[in-house]
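Residue-level listing of the chains:
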Amino acid sequence: MNVLVVGAGSMGRWLARTLRDHADASVAFADTDRDAADAAAAAVGGRAVPTDIRERFDVVAVAVPMPVADVAIEEYAPLSDGAVVDVTGQMADPLAAMAAAAPDRQRASLHPLFAPANAPGSIAVVTAAGGEWVDAVVDALVAAGNEPFETTAPEHDTAMKSVQAAAHAAVIAYAAATAEVPDRFHTPVSSGMESLVEQVLGGEAHVYADIQRTFDGAEAVAAAAREIADADHEAFAALYEELS
């Protein structure tokens, strides 16, 4: 399998390494930051290629930030002779871009529901046009210990409002709203929250910003927090009981 990975960040490297190890893939990296492409090629094994490459590949895998996914797919999907896949984290728009740019190619959107450092894990999959190349990519993910599951783009993108945008907003809001206290005062609940804060704030700011920009979940968290803040004793108890 000859693979072009568009995007040399952590997710692109993770996918390239997985395909190299479990699908015997040869990998090329294209990135607007040529130093990043060179570093990814050196770290994973493979080669860096210029962004204006016109070489053909069995699989084109797009691993760029969500706001530029459509542009990257439009430019690089036509280089595929087999399949186009993405791991950008949003599904409806990338799948539409793939259908427009490579309508006669196999197409799938894959969303690893974890940071690469936490692999393996669950991977949401929407297969728009299946075949041997998409199967080979998914099989490699399974061989690496991941658990892919089929879904739909609307189901996935709606779920991300809760499990990503709202969840991250709640954790970051907790971090912004609370003061640092000695460890001896922490409760099991606050210790758990502190662990979540450490996990979220240990990532990349632009990734979390992209999620907030793409999926509308923070407003619901803000509205719920305001409802709690405004509630009297009886209203709070009623809300608590409703959620229990």
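Preceding this paragraph is the structure being described.
Counting restarts for each chain: residues are numbered from 1 in the order of the written sequence. pLDDT decides what is reported in this predicted model: residues at 70 or higher carry local features, side-chain atom pairs at 80 or more are listed and counted, and totals for whole chains, interfaces and linings draw on all residues regardless. The side-chain figures draw on all heavy atoms in the structure; neither hydrogens nor water molecules are used.

### Considerations on the overall build of the protein
And then number 1: Within the protein, the regular secondary structure consists of ten helices and eight strands.
And then number 2: The principal-axis extent of the C-alpha atoms belonging to the protein is close to 65 × 35 × 30 Å.
And then number 3: For the protein, restricting intrachain contacts to residue pairs at least 6 apart in sequence, the fraction spanning at least 24 positions comes to 62%.
And then number 4: Note on areas: these come from Shrake-Rupley sampling with a 1.4 Å probe, and a residue is covered only by the protein chains present in the view. As displayed, the protein offers around 12600 Å² of accessible surface, 54% of which is attributable to carbon and sulfur atoms.
And then number 5: For the charge count, each Lys or Arg is scored as positive and each Asp or Glu as negative, with His and the chain ends excluded. Where a charge sits is defined by one atom per residue type, namely NZ (Lys), CZ (Arg), CG (Asp) or CD (Glu). Side chains of the protein give 13 positive and 37 negative charges; the mean places of these two sets differ by 8 Å. Elements are defined by DSSP. Helices are runs of H or I of four residues or more, strands are runs of E of two residues or more, and each kind is numbered from the N terminus. We call two residues contacting when some pair of their heavy atoms lies within 4.5 Å.

### A word on the pairing of strand β7 (residues 122-129)
And then number 1: By the convention used here, strands pair only if DSSP detects at least 2 bridges between them. Here strand β6 (residues 106-112) pairs with β7 via six bridges, running antiparallel. Looking across to β7, one finds that Arg107 is bridged to Ala129.
And then number 2: As paired elements, β7 and strand β8 (residues 147-150) share four bridges and run parallel to each other. Each bridged residue has a counterpart across the sheet, and for Ile123 the counterpart in β8 is Pro148.
And then number 3: Orient the strands so they point away from the viewer; a crossover is then right-handed if the path from the first strand over the helix to the second runs clockwise. Assessed by its sense of winding, the connection that carries the chain from β7 through helix α5 (residues 132-143) to β8 is right-handed.

### Considering the packing of helix α6 (residues 153-177) against helix α8 (residues 205-214)
And then number 1: Axes, fitted as lines to C-alpha atoms, cover a helix only where it is in contact. Angles between the N-to-C directions of the axes lie from 0 to 180 degrees. Here α6 crosses α8 at 120°, and the two axes come no closer than 9 Å. Our classification of the angle between α6 and α8 gives oblique. When you trace α6 past α8, the crossing you get is left-handed. Contacts between α6 and α8 involve Gln164, Ala165, His168 and Ala169 from the former and Tyr208, Ile211 and Gln212 from the latter. Roughly parallel refers to an angle under 35 degrees, roughly antiparallel to one over 145, roughly perpendicular to one between 65 and 115, and oblique to any angle outside these ranges. By definition, turning the near helix anticlockwise from the far helix through less than a right angle yields a left-handed crossing, and turning it clockwise yields a right-handed one.

### With respect to the environment of Arg20
And then number 1: Tracing the chain through its elements places Arg20 in helix α1 (residues 10-23).
And then number 2: According to the relative accessible area criterion, Arg20 is partly exposed, its value standing at 30%.
And then number 3: The sequence separation of Arg20 and Met1 amounts to 19 residues, and the corresponding C-alpha distance is 8.8 Å.
And then number 4: Every residue in contact with Arg20, bar those within four places of it in the chain, is listed here: Ala25, Val44 and Gly45. Here the term buried applies to any residue with accessible area under 20% of the maximum for its type, exposed to any over 50%, and partly exposed to those in between, with areas from a 1.4 Å probe on protein chains only.

### Overview of the sheet that holds strand β1 (residues 2-6)
And then number 1: Sheet architecture is open: eight strands sit in the order β3-β2-β1-β4-β5-β6-β7-β8, paired in mixed fashion. Edge positions in the sheet fall to β3 (47-48) and β8, since each has one partner strand and no second.
And then number 2: Here helix α4 (residues 92-101) sits on the sheet and contacts β5 (80-86), β6 and β7; the angle it forms with β6, its principal contact strand, is near 160°.

### Structural notes on the packing of aromatic side chains
And then number 1: For Phe, Tyr and Trp, rings pair up if their centres lie within 6.5 Å, where Trp contributes its six-membered ring, and each pair is then called stacked (planes under 30 degrees apart), edge-to-face (over 60) or tilted (otherwise). A complete count under the given rule lists one aromatic pair for this structure.
And then number 2: Ring centres of Trp14 and Phe114 lie 5.6 Å apart, and the angle between their planes is 80°; on these two criteria the pair is classed as edge-to-face. In this pair, Trp14 is assigned in helix α1 and Phe114 in the loop between β6 and β7, connecting sequence segments 100 residues apart. For the pair formed by Trp14 and Phe114, the shared burial category is buried.

### Section: the nonpolar core
And then number 1: To qualify as a nonpolar core, a set must consist of buried Ala, Val, Leu, Ile, Met, Phe, Trp, Tyr and Cys residues joined through side-chain atoms within 4.5 Å. By size, the foremost hydrophobic cluster in this structure holds 35 residues, and its most contacted members are Val3, Phe29 and Leu110.
And then number 2: Looking at this core, the element that brings in the most residues is α1, giving six residues.
And then number 3: The residues contacting Leu110, other than those within four sequence positions of it, are Val85, Asp86, Val87, Thr88, Met91, Ile123, Ala124, Val125, Val137 and Leu141.
And then number 4: Counting 25 residues, the second-largest nonpolar core is a separate cluster that includes Ala30, Val84, Ala97 and Val126.

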